[in-house]
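Report on the structure
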Amino acid sequence: MTISDVENLNLGISPLDEKNCIIVESAFSWINQNTTLNYDVNNLPENIPANVKLFIIKYAEIMNMSGGVSSESIDGLSQSFDTTDKSVLLWQFADELLGNDLKSDVQVMQAKNRWC
């Protein structure tokens, strides 16, 4: 996808650069693989449903999240680490936004305890 292609989607993703174009194209690929929807990035329809657009925006936000240290303190020698699992977030947004279109063999459940 080109910057022009992504601009035409009116997603409001910024900065609009090559990296984010690849992320948007990857979002369409994810949608094609995991839902009953099918989009050809070389021939996108003029009207993409709002829930699909919102999923793509959330997909881009998740892919642009940086992991690792989320806060540090020098004097107290403490660090906080971001342990957010991107795939869990992605599936939660997919379930909320694309739930009716998710393939029937996909089931989203939140774990109560990570080590069960």
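The rules we used
Residues numbered from 1 in each chain as written. Predicted model: local features only at pLDDT ≥ 70, side-chain atom pairs only at ≥ 80, totals over all residues. Heavy atoms only, no water. Salt bridge = Lys/Arg side-chain N within 4 Å of Asp/Glu carboxyl O. Helix = DSSP H or I, 4+ residues; strand = E, 2+ residues; numbered from the N terminus. Buried < 20%, exposed > 50% of the residue type's maximum accessible area, 1.4 Å probe, protein only. Core = buried A, V, L, I, M, F, W, Y, C linked by side-chain atoms within 4.5 Å. Contact = heavy atoms within 4.5 Å.

Regarding the pattern of salt bridges
According to the stated counting rule, one finds one salt bridge in the structure shown. For the salt bridge of Glu-61 with Lys-58, the shortest nitrogen-to-oxygen distance reads 3.3 Å. With a gap of three residues between them, Glu-61 and Lys-58 both fall in helix H3 (residues 50–63), about one helical turn apart. Residue classification places Glu-61 among the partly exposed residues on the basis of a relative accessible area of 43%.

A few points about the nonpolar core
Counting residues in hydrophobic clusters, the biggest one holds 27 residues, and the most contacted among them are Val-24, Phe-28, Trp-30, Ile-31 and Phe-55. Looking at this core, the element that brings in the most residues is helix H2 (residues 18–34), giving seven residues. With residues up to four places along the chain from it excluded, the contact list for Phe-55 reads Trp-30, Ile-31, Leu-90, Phe-93, Ala-94, Leu-97 and Leu-98.

The analysis is restricted to geometry; functional conclusions fall outside its scope.
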